Amino acid sequence: MLHANMVFCLMVDCGSKSTRDKGLNFSRVPSVVTNQGEEAEKLSKERRSLWISAINRDDLSEQILANDRVCGRHFVSGKAAKSWDRFNTRHFKIEVSTDWVPTLNLGHEKRVERKNLEQASQRGQRANEKERKRKEQLDRERALAEEIAAKKLKLNKAGEQVSSICFTNEVEQSVDSSTQTEEFDYLFYTGLPSFDILNIVFHRIVPFVNGKSQLLTPFEEFIMTIMKLKLNMPFEDLAYRFNVSVSTVSRTFQAWMIVMDCRLQPFIKWPEREALWHTMPQCFQQSFGKKVTVIIACFEIFIDRPSNLLARAQTFS
């Protein structure tokens, strides 16, 4: 009949038992620690894996690992090192603590030597580094997703109408740029970083615009056009924000686009062919060599279906 408190050694060909071998230390197989942080969990997983590898028995089960122990004959100091004492250098001046894993009298040809321990330590460090980089990448992607979601929410928010925001189109008036930025996010809605730049572009275009609306100031018409170009907002949304009809938004957008095309065209610089080749994506260089000059990214614009068959064929997508 077995004694209630008797435990056996897990190692192959080791007959140690607690009731007979008095004074011999018996250590539990390390368990995975899940309540002391990520680093402790990783360290405990690695140590448990190394212990199971050192025991190297085919009949191991969770019950055996929980009930039996590893005796002190398999450790240099006679007992297992503490879980936090992995890099103990006091006794044998090696990088990994000698007794962090059982190394003596393993009962099989496989030996967990110092070199293997060092390699296991390096593998664990590399795995930890990869995990850290993966989490940093996930954090960056999560932050970017949250920023995009916040911008979409801001774009779709049916709150204050743009028509209620105070704009100015008078050069003589002194405008505080910081105040304007607080009232209206110019970079988000127009792509221009400040009110001053927005005002310069506006005054280059506005003298040549004909057919101005009676409901909107020229500056509001300009803002509406830029918002359409930057965010591709529906005409219905712009009509609500500026408190005008959809047809007014459409006519205003077409009128301003024609003038902007003429007035801003000189600012478009076409790079030299060598510069284009230098910045060409690698996949295009490999597939087409120097035959490609420019890559045009197209997008769809929904239009009314023409009644003329030729026009319908030309606009079919």
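Residues numbered from 1 in each chain as written. Predicted model: local features only at pLDDT ≥ 70, side-chain atom pairs only at ≥ 80, totals over all residues. Heavy atoms only, no water.

1. Concerning the overall build of the protein chain
We apply this condition: We count a stretch as a helix when DSSP gives it H or I for four or more residues in a row; a strand needs E for two or more, and each element gets its number in order from the N terminus. Exposed residues in this analysis have more than 50% of their type's maximum accessible area, buried residues have under 20%, and partly exposed residues fall in between, with area computed by a 1.4 Å probe over protein chains only. Residue contacts are defined here by distance: any two heavy atoms, one from each residue, within 4.5 Å place the two residues in contact. Values of accessible area rely on a 1.4 Å probe in the Shrake-Rupley scheme; residue burial ignores everything except the protein chains shown.
In terms of regular secondary structure, the protein chain is built from twelve helices and two strands. Listed by position from the N terminus, the elements making up the protein chain come as β-α-α-β-α-α-α-α-α-α-α-α-α-α. Per-residue burial over the protein chain gives 31% buried out of 317 residues. Look at the contacts in the protein chain between residues 6 or more apart in sequence, and 56% of them connect residues 24 or more apart. As displayed, the protein chain offers around 21,800 Å² of accessible surface, 54% of which is attributable to carbon and sulfur atoms.

2. Some words on the packing of aromatic side chains
Going by this rule: Only the six-membered ring of Trp is used, alongside the rings of Phe and Tyr, when aromatic pairs are assigned; centres must lie within 6.5 Å, and planes under 30 degrees apart are stacked while those over 60 apart are edge-to-face, with the rest tilted.
Throughout the structure, instances matching the rule amount to ten aromatic pairs. Ring centres of Phe 202 and Phe 219 lie 5.0 Å apart, and the angle between their planes is 85°; this geometry places the pair in the edge-to-face category. Of the two residues, Phe 202 sits in helix 6 (residues 195–205) while Phe 219 sits in helix 7 (residues 218–231), which places them 17 residues apart along the sequence. As far as the burial class goes, Phe 202 and Phe 219 line up, both buried. Between Phe 202 and Phe 222, the ring centres sit 5.6 Å apart and the planes meet at 45°, which makes this aromatic pair tilted.

3. Structural notes on the nonpolar core
Here is a general trend for soluble globular proteins: nonpolar side chains tend to be buried in one another's company. The condition is simple: Throughout, nonpolar core names a set of buried Ala, Val, Leu, Ile, Met, Phe, Trp, Tyr and Cys residues whose side chains join them through atoms within 4.5 Å.
Among the nonpolar cores identified, the biggest contains 26 residues, and Ile 205, Phe 219, Phe 222, Met 227, Leu 238, Phe 242 and Trp 256 are the most heavily contacted of them. Elements with a contribution of two residues or more to this core: helix 5 (186–190), helix 6, helix 7, helix 8 (235–242) and helix 9 (246–264). The element best represented in this core is helix 7, accounting for seven residues. For Trp 256, the residues in contact, after removing those within four places along its chain, are Phe 202, Ile 205, Val 206, Val 209, Pro 218, Glu 221, Phe 222 and Thr 225. Counting 19 residues, the second largest nonpolar core, distinct from the first, contains Cys 14, Phe 26, Trp 51 and Ala 54.

4. Here's the deal with helix 1 (residues 38–55)
Here is the rule: For a helix, the expected span equals 1.5 Å multiplied by the residue count minus one.
Across its 18 residues, helix 1 extends 26 Å between first and last C-alpha, which sits within 8% of the 26 Å expected from 1.5 Å per residue. Considered for burial, the residues of helix 1 that qualify are Ser 44, Glu 46, Arg 47, Arg 48, Leu 50, Trp 51, Ala 54 and Ile 55.

5. Describing unusual backbone geometry
Trans is the common state for peptide bonds, and a negative phi is the common state for residues other than glycine. The residue Asn 232 is not glycine, and still its phi comes out positive at about 50°. Summarising the element assignment, Asn 232 is placed in the loop between helix 7 and helix 8. Phi at Asn 243 is positive, roughly 60°, even though this residue is not glycine. Note on placement: Asn 243 falls in the loop between helix 8 and helix 9.

6. Observations regarding the packing of helix 7 against helix 9
Two quantities define a packed helix pair, namely the angle between the helix axes and the distance between the axes. Applied cut-off: Angles run from 0 to 180 degrees between N-to-C directions of axes, and those axes are lines fitted to C-alpha atoms, restricted for helices to the stretch in contact. An angle below 35 degrees is read as roughly parallel, one above 145 as roughly antiparallel, one from 65 to 115 as roughly perpendicular, and any other as oblique. For this scheme, ten residues count as nonpolar: Ala, Val, Leu, Ile, Met, Phe, Trp, Tyr, Cys and Pro. Four count as charged, namely Asp, Glu, Lys and Arg, and the remainder, Gly too, count as polar.
Put simply, helix 7 and helix 9 touch, their axes get as near as 9 Å, and they point 85° apart. The orientation of helix 7 relative to helix 9 falls into the category roughly perpendicular. Listed contacts from helix 9 to Pro 218, Glu 221, Phe 222, Met 224, Thr 225, Ile 226, Lys 228 and Leu 229 of helix 7 are Val 249, Thr 252, Phe 253, Trp 256, Met 257 and Met 260. Per-class residue counts for the contact of helix 7 with helix 9 are ten nonpolar, two polar and two charged.

7. A look at helix 9
Structurally, the α-helix is built with 3.6 residues per turn, so residues lying three or four positions apart point the same way. Note the cut-off: In this context, the arc is that of the directions from the helix axis out to the C-beta atoms.
Look at helix 9: 26 Å from first C-alpha to last across 19 residues, which is about the 27 Å you get at 1.5 Å a residue. Buried within helix 9 we find Thr 248, Val 249, Thr 252, Phe 253, Trp 256, Val 259 and Met 260. The buried side chains of helix 9 occupy one side of the element, clustering within an arc of 145° when seen end-on. Helix 9 presents Arg 251, Ile 258 and Cys 262 as exposed residues on the side facing more than 90 degrees away from its buried surface. Looking at the buried side of helix 9, the elements it contacts are helix 6, helix 7 and helix 8.

8. Remarks on the confidence of the model for the protein chain
Applicable threshold: Values of pLDDT, ranging from 0 to 100, describe the predictor's confidence in every residue of the model.
The predicted model of the protein chain averages 77 in pLDDT, with 81% of residues at 70 or higher. Predicted confidence for residues 89–96 stays below pLDDT 50, and this span has 13 contacts to residues more than four positions away or in other chains. Between residues 167–183, whose pLDDT stays under 50, and residues either more than four places distant or in other chains, the model counts 26 contacts.

9. So, a nonpolar patch on the surface
Applicable threshold: The patches described consist of residues with a relative accessible area above 30% and no salt bridge, like charges being joined within 9 Å and nonpolar side chains (Val, Leu, Ile, Met, Phe, Trp, Tyr) within 5 Å. We define a salt bridge as a contact between a side-chain nitrogen of Lys or Arg and a carboxyl oxygen of Asp or Glu at a distance within 4 Å.
Side chains of Trp 270, Val 294 and Ile 296 sit close together on the surface and give an oily, nonpolar patch of about 350 Å² of accessible area. By the element assignment, Trp 270 lies in the loop between helix 9 and helix 10 (273–278).

10. What to know about the packing of helix 6 against helix 9
Put simply, helix 6 and helix 9 touch, their axes get as near as 9 Å, and they point 100° apart. Relative to helix 9, the element helix 6 is oriented roughly perpendicular. The segment helix 6 lies against helix 9, with Val 201, Phe 202, Arg 204 and Ile 205 engaging Trp 256, Val 259, Met 260, Arg 263 and Leu 264. For the contact of helix 6 with helix 9, a count of residues per class yields seven nonpolar, no polar and two charged.

11. What to know about the side chain of Arg 48
With respect to the helices and strands, Arg 48 occurs in helix 1. The class of Arg 48 is buried, set by a relative accessible area of 15%. When sequence neighbours within four positions are dropped, the list of residues in contact with Arg 48 reads Val 29, Pro 30, Ser 31, Val 32, Glu 62 and Leu 65.

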